[in-house]
Amino acid sequence: MQKLSLALIGAALASGSCTSIAADSLPVLNLDTAQLTVSGLSSGGYMATQYHIANSDKVVGAAMLASGPYYCATNDIGVALERCVNKVDTPIDVNALNAQAKKWADSGAIAPLEGLKNSNVWLFHGTADARVNSKVSDALFTQYQQWVPETQLTYVNDQPFAHVFPTLDQGGSCTESASPYVGKCEYDAAGELLNALLGELTPPDESLSGTVVTLDQQAIAGDDASTMGDEAYAYIPADCAAGEACRVHVSFHGCNQYADAVNLAYVEQTGLNRWADDNQIVVLYPQTKKSLLMPMNPQGCWDWWGYTGDQYATKNGPQLKAVDALISHLAKR
């Protein structure tokens, strides 16, 4: 990178700015991409699970809020609506879902399931969540119990929160499932999940040293990003921009929570950046988009039922591949 670019980004970081910096001004980063962590809310939780299961050889921790088990929809939107969201008309057969995962692992479509025993997993479901049935999140917990040691698995299901990402003091109401689906709950979900996934972290201070940068998803990931938004975002702490070794956390927004719908509310209000800033973590925020044409995705959800094709939950899923491309792009700069 040219010295001028480094000077420009250094000035922006020194000011503590959270204004987006153009992709061509990104700093050279020293990222550990073999020890990834992921998180997500709702459809983003489903996506986080898919990315974790498909890539358990490089994902060491996953946190899911208000979502259900891997391959719950079995490539069928009807099944998804029947048992994987706000109602469970037919029981979720976790053993059958796990059997499918094993077939894919045996074929190499996803990483070996044995790798999951090295992961930390944190799950959350609010007792006032009317968008996702508690039985759905319970099934996710049951599924992970078969793969992850008990001491590495946390399930928080006793907090009176609606369908939101709970924060200390950011967002809207904690008791209503309303845009931007980030709630002032006096509960630091970002801190809870990152500490559960990565061990005891340094508590954040009151200021942010880093900045939010934009990434051209279409240019970086090509056709694999055709169902995604034009831009992704990443929070880069000053230490990481200066070349210190940093980890990577990928966080997936929920339905109706993509940037075109809520601006940067999910990117800037969840609290993930606060913790990342003082713990040398770059946070990547990939983005979807809504579509009223085929493939239909009117709420801008991540693909957890098959609108991108029947490989959506495997390493060959276009959106999973697009996220890989974004991570590689950050790491190569």
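Participant: Just give me the short version of the confidence of the model for the protein chain, but keep the residues and values in it.
Facilitator: Looking at the protein chain, pLDDT values average 93 and 92% of them are 70 or higher. Every residue in residues 1-23 is under pLDDT 50, and counting partners more than four places away or in other chains gives 41 contacts.

Participant: Before we move on, could you go through the sheet that holds strand S8 (residues 231-236) and cite the residues and values that matter?
Facilitator: Each strand in a sheet pairs with another by means of backbone hydrogen bonds, the pair being arranged parallel or else antiparallel. Sheet architecture is open: eight strands sit in the order S4-S3-S2-S1-S9-S10-S8-S7, paired in mixed fashion. With partners counted over all chains shown, the strands left at the sheet margins are strand S4 (153-156) and strand S7 (211-216), one partner each. Between one strand axis and the next, the sheet turns by 20° as a mean value, whatever way the strands run. Across seven bridges, the pairing between strand S1 (residues 30-41) and strand S9 (residues 245-252) is parallel. Bridging across to S9, Asn30 finds its partner in Ala245. Contacting strand S2 (59-65), strand S3 (120-124) and S4, helix H5 (residues 134-145) crosses the sheet at an angle of about 170° to S4. Docked against the sheet, helix H12 (residues 318-332) engages S1, S7, S8, S9 and strand S10 (281-285), running at close to 140° with respect to S1.

Participant: Lay out the state of the cysteines with the relevant residues and their values.
Facilitator: Applying the stated criterion across every chain yields a total of four disulfides. The residue that forms a disulfide with Cys240 is Cys246, at a sulfur-sulfur distance of 2.1 Å. Its S-S torsion of approximately -100° makes the covalent link between Cys240 and Cys246 left-handed. Cys246 carries the same exposure label as Cys240, and that label is buried. Disulfide pairing is shown between Cys255 and Cys301; the S-S distance is 2.0 Å. Here Cys255 and Cys301 share a disulfide; its torsion about the S-S bond, 120°, makes the bridge right-handed. Residue Cys255 is found in the loop between S9 and helix H9 (259-262), and its partner Cys301 is found in the loop between S10 and H12; the two are separated by 46 residues along the sequence. Its relative accessible area of 6% is what places Cys301 among the buried residues. By sequence-ordered numbering of the bonded cysteines, the protein chain has its disulfides arranged as 1-2, 3-4, 5-6, 7-8.

Participant: Hey, could you go over the packing of aromatic side chains for me, with residue numbers and the actual values?
Facilitator: To describe a pair of aromatic rings, one takes the distance between the centres and the angle between the planes. Going through the model one piece at a time under the given rule, you end up with 15 aromatic pairs. Ring plane angle 90° and centroid distance 6.1 Å describe the contact between Tyr266 and Tyr285, whose orientation is recorded as edge-to-face. Here Tyr266 is found in helix H10 (residues 265-269), whereas its partner Tyr285 is found in strand S10, with 19 residues between them in sequence. Residue class for Tyr266 comes out buried when judged on its relative accessible area of 2%. Their ring planes at 55° and their centres at 5.2 Å tell us that Trp305 and Tyr307 sit as a pair that is tilted. For Trp305, a relative accessible area of 12% puts it in the buried group. A residue is classified by how much of its surface remains accessible, and Tyr307, at 11% relative accessible area, is buried. Among the aromatic residues, those joined into a cluster by ring pairs are Tyr46, Trp304, Trp305 and Tyr307.

Participant: Just give me the short version of the packing of helix H2 (residues 43-54) against H12, but keep the residues and values in it.
Facilitator: Between H2 and H12, whose axes approach to 11 Å, the crossing angle comes to 75°. As the angle between them shows, H2 and H12 are arranged roughly perpendicular. Within the contact between the two elements, H2 uses Met47, Gln50, Tyr51 and Ala54 and H12 uses Gln319, Leu320, Val323, Asp324 and Ile327. Residues belonging to the contact of H2 with H12 are distributed by class as follows: six nonpolar, two polar and one charged.

What counts as what
Residues numbered from 1 in each chain as written. Predicted model: local features only at pLDDT ≥ 70, side-chain atom pairs only at ≥ 80, totals over all residues. Heavy atoms only, no water. pLDDT = per-residue confidence, 0-100. Contact = heavy atoms within 4.5 Å. Pairing = 2+ DSSP bridges. Helix = DSSP H or I, 4+ residues; strand = E, 2+ residues; numbered from the N terminus. Axes fitted to C-alpha atoms, helices over the stretch in contact; angles between N-to-C directions. Disulfide = S-S within 2.5 Å. Buried < 20%, exposed > 50% of the residue type's maximum accessible area, 1.4 Å probe, protein only. Phe/Tyr/Trp six-rings, centres within 6.5 Å; stacked < 30°, edge-to-face > 60°. Parallel < 35°, antiparallel > 145°, perpendicular 65-115°, else oblique. Nonpolar A, V, L, I, M, F, W, Y, C, P; charged D, E, K, R; others polar.

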